[in-house]
Amino acid sequence: MAGISGLQRKIKMNPIESLFRPAVLLEHEYKVTEHICQVKLNQNENPYSFPAELKSEIEADLLNAAWNRYPTVFPDHFISQLAGQLGVLPENLLIGHGSNELIYSSLWAILGHGDKILIPEPSFSLYKTVANLCEALVVPVLSNPETLKMDLAELSIEIHRHQPKLTILCSPNNPSSQRIPYDDLIALLKMSEGLVWVDEAYIEFSENQSLVNRLNEFPNLIILRTFSKAFGLAGLRLGYLVASAAVMNQLRKTKVPFTVDEMSTIIASKLLTRMDLVEKNVNLIKSEKARVFGLMKAIKGIHVFESDTNFFIFKVLKNPVKQVFASLVSEGILVRDVSSYTNLAGCLRVNIGLPEENDRFLTAIKTIVS
Ligand SMILES: Cc1ncc(COP(=O)(O)O)c(C=O)c1O
């Protein structure tokens, strides 16, 4: 890490910038490329919104809520309901304003200057950003460039060698779309002396089971879940962590108080009573995914990787990837350019949308690359 004077020598800083920490000056702001497109398949969102019938059922509850009052520091009623559904105790849960917030607040609780954090590459970029902001030492472990999968032996060797304080295992992983097999996750948990953070943001779409019911066996396990994907509530910003009470007692200290608002918990609480709807939408997405995969495989000019989640990574074989991205935008279709990630050169990411959106994407990509 370059010190402030080293940085000053490297880049011309104005006096205001020199007041900020070097770790901050070296980071980039989180950005998602904004294009106004009719077909939006770039953020792994659920194409099915909160059902209108449920919206009208909770209208009165939203209107009757005390908008002038603070919510409780932690949303206790909602935590009890969710804990009951997950089969854990309320003390094992921490709810955040989206899981992004929990990544920030929790990594800050664990990592300090020079602490080691092991992160597979590529993975969800926020982990590395926050680790850098904490001045931690990031130990990357590369995926297999042919399959994008992580190798158990390689992960074990690196954990043994570096003894990281924290290991991040995102399964299924964004952006690679691959899972780490369940038994491999258990093996890694057993061998790790440090904390193991398993990001299950996409678990509902996966062949893997969640690790939530193994919590009692692993006091070093932290699981991250979100309402943004399978539950279709990305607009609300709700995510949560599941971990032992001993871990939670520490993570609660760095969590920003009051960030989870009353309205969001009223809405999510209602959806928790209608898990049939969540399951129905997950099944629709899964069957649409199987159809799209078959059709993408048949398109010459791209290579699509197998996926364990609600999005695909595909490599553009001949055309320049940026040109393909731009051509899709000009057809009104927004995907994610992931070509700058390790092992993803030439790749784009597309999530499963409504059947008609997927059809528009398939027709466009076929025309563009052929
Ligand atoms: C792997 C992974 N984890 C966490 C998140 C954050 O989700 P949210 O902040 O919407 O809960 C995302 C968002 O795309 C993700 O892909």
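Structure first, text after, so check above.
Residues numbered from 1 in each chain as written. Predicted model: local features only at pLDDT ≥ 70, side-chain atom pairs only at ≥ 80, totals over all residues.

Focus on the overall build of the chain
Heads up, the condition is: Only DSSP runs of H or I covering at least 4 residues are called helices, and only runs of E covering at least 2 are called strands; the numbering of each starts at the N terminus. As a reference, a globule follows 2.2 Å times the number of residues to the power 0.38, and the radius of gyration itself is taken over C-alpha atoms. Partly exposed residues are those falling between the two cut-offs: more than 12 but fewer than 20 other C-beta atoms within 10 Å of their own, whereas 20 or more means buried and 12 or fewer means exposed, with C-beta atoms placed from the backbone.
Helix and strand counts for the chain stand at 13 helices and 13 strands. By the compact-globule yardstick of 21 Å for 370 residues, the chain fits well, its C-alpha radius of gyration being 21 Å. Expressed as lengths along the three principal axes of its C-alpha atoms, the size of the chain is roughly 60 × 55 × 50 Å. Every one of the 370 residues in the chain was classed for burial, and the buried ones make up 38%.

Focus: the site of the ligand
Just so we agree on the cut-off: For each residue, a C-beta atom is placed from the backbone, and the residue counts as near a molecule or strand when that atom lies within 6 Å of it. Under the convention adopted here, Pro, Cys and the residues Ala, Val, Leu, Ile, Met, Phe, Trp and Tyr are nonpolar, Asp, Glu, Lys and Arg are charged, and Gly plus all remaining residues are polar.
The environment of the ligand is made up of 13 residues, and the closest members are Gly98, Ser99, Asn174, Thr226 and Ser228. Of the residues assigned to the shell around the ligand, the class counts are 4 nonpolar, 8 polar and 1 charged.

Remarks on the environment of Ala230
We apply this condition: Contact between two residues is assigned when their C-beta atoms, built from the backbone, lie within 7 Å.
Structurally, Ala230 can be placed in the loop between strand E7 (221-226) and strand E8 (239-243). Not counting chain neighbours up to four residues away, the residues in contact with Ala230 comprise Asn46, Glu204, Phe205, Val278 and Val282.

A word on helix H3 (residues 52-64)
Selection rule: Here a helix's expected span is defined as the number of its residues, less one, multiplied by 1.5 Å. In this scheme, the bend at a residue equals the angle between the axes fitted to the seven residues that finish there and the seven that begin there.
Given a rise of 1.5 Å per residue, 13 residues ought to cover 18 Å, and the 19 Å separating the end C-alpha atoms of H3 matches this to within 8%. At Ile58, H3 shows its maximal bend, which comes to roughly 40 degrees. Of all 13 residues in H3, 0 are buried, a share of ten percent or less.

A short note on the sheet that holds strand E5 (residues 166-170)
One key point about sheets: their strands pair by backbone hydrogen bonds, in either a parallel or an antiparallel sense. Put simply, the test is: We treat two strands as partners when DSSP finds at least two bridges between them. For helices, the axis comes from a line fit to the C-alpha atoms of the stretch in contact; other axes are also lines fit to C-alpha atoms, and the angle between any two N-to-C directions lies between 0 and 180 degrees.
The 7 strands lie next to each other as E2-E8-E7-E6-E5-E3-E4, forming an open sheet whose pairing is mixed. Of all the strands in the sheet, just strand E2 (93-96) and strand E4 (137-142) have a single pairing partner and so form its edges. Ignoring which end each strand starts from, the neighbouring axes of this sheet average 20 degrees apart. Relative to strand E6 (residues 195-199), E5 is paired through 5 bridges, and the arrangement is parallel. Paired with Ile168 across the two strands is Trp197, which belongs to E6. The strands that helix H4 (residues 76-86) touches are E2 and E8; relative to E2, the one it contacts most, it runs at about 125 degrees. Helix-sheet contacts for helix H7 (residues 152-162) involve strand E3 (116-121), E4 and E5, and the interaxial angle to E4 is about 160 degrees.

Observations regarding the environment of Ile266
With respect to the helices and strands, Ile266 occurs in helix H10 (residues 262-272). The contacts of Ile266, once residues within four sequence positions are left out, are Ile58, Asp61, Leu62 and Ala65.

Observations regarding the nonpolar core
Our working rule: Note on definitions: a nonpolar core is a set of buried residues drawn from Ala, Val, Leu, Ile, Met, Phe, Trp, Tyr and Cys, linked by C-beta atoms within 7 Å. An automatic or database domain assignment supplies the start and end points of every domain.
With 87 residues, the main nonpolar core has Ile223, Leu241 and Leu348 as its most contacted residues. No other element matches the 5 residues that strand E10 (residues 311-316) contributes to this core. Residue-level mapping places this core at the junction of two domains, with at least three residues from each of domain 1 (31-49 + 277-369) and domain 2 (52-273). If sequence neighbours within four positions are ignored, Leu241 has contacts with Leu94, Leu102, Ser106, Ile222, Ile223, Leu224 and Leu251.

Some thoughts on the sheet that holds E10
Strand order in the open sheet formed by 4 strands is E9-E10-E13-E12, with antiparallel pairing between adjacent strands. The open sheet has two edge strands with one neighbour each: strand E9 (302-304) and strand E12 (336-337). With 5 bridges joining them, E10 and strand E13 (residues 347-351) adopt antiparallel strand pairing. In the sheet register, Phe314 faces E13, and the bridge partner there is Leu348. Contacting E9 and E10, helix H11 (residues 275-297) crosses the sheet at an angle of about 145 degrees to E9.

Here's the deal with the packing of H7 against helix H8 (residues 182-191)
Geometrically, a packed helix pair is captured by the angle between its two axes and the distance between the axes. To be explicit about the condition: Here is the rule for angles: anything less than 35 degrees is roughly parallel, anything more than 145 is roughly antiparallel, 65 through 115 is roughly perpendicular, and the remaining ranges are oblique. Should the near helix be turned anticlockwise from the far one by less than a right angle, the crossing is left-handed, and should it be turned clockwise, the crossing is right-handed.
Where H7 meets H8, the axes come as close as 11 Å, and the angle between the chain directions of the two elements is 15 degrees. The angle between H7 and H8 places the two elements in the roughly parallel class. As for the relative orientation of H7 and H8, their crossing is right-handed in sense. Where H7 approaches H8, its residues Leu152, Leu155, Ser156 and Ile159 are matched on the opposing element by Asp184, Ala187, Leu188 and Met191. Its residues assigned to classes, the contact of H7 with H8 comprises 6 nonpolar, 1 polar and 1 charged.

Focus on the pairing of E10
A regular strand places its side chains on the two faces of the sheet in alternate fashion. The element E10 is largely enclosed, with a buried count of 5 among its 6 residues. Adjacent in sequence and paired antiparallel, E9 and E10 are bridged by 6 residues.

As far as function goes, none of this settles anything; it's purely spatial.
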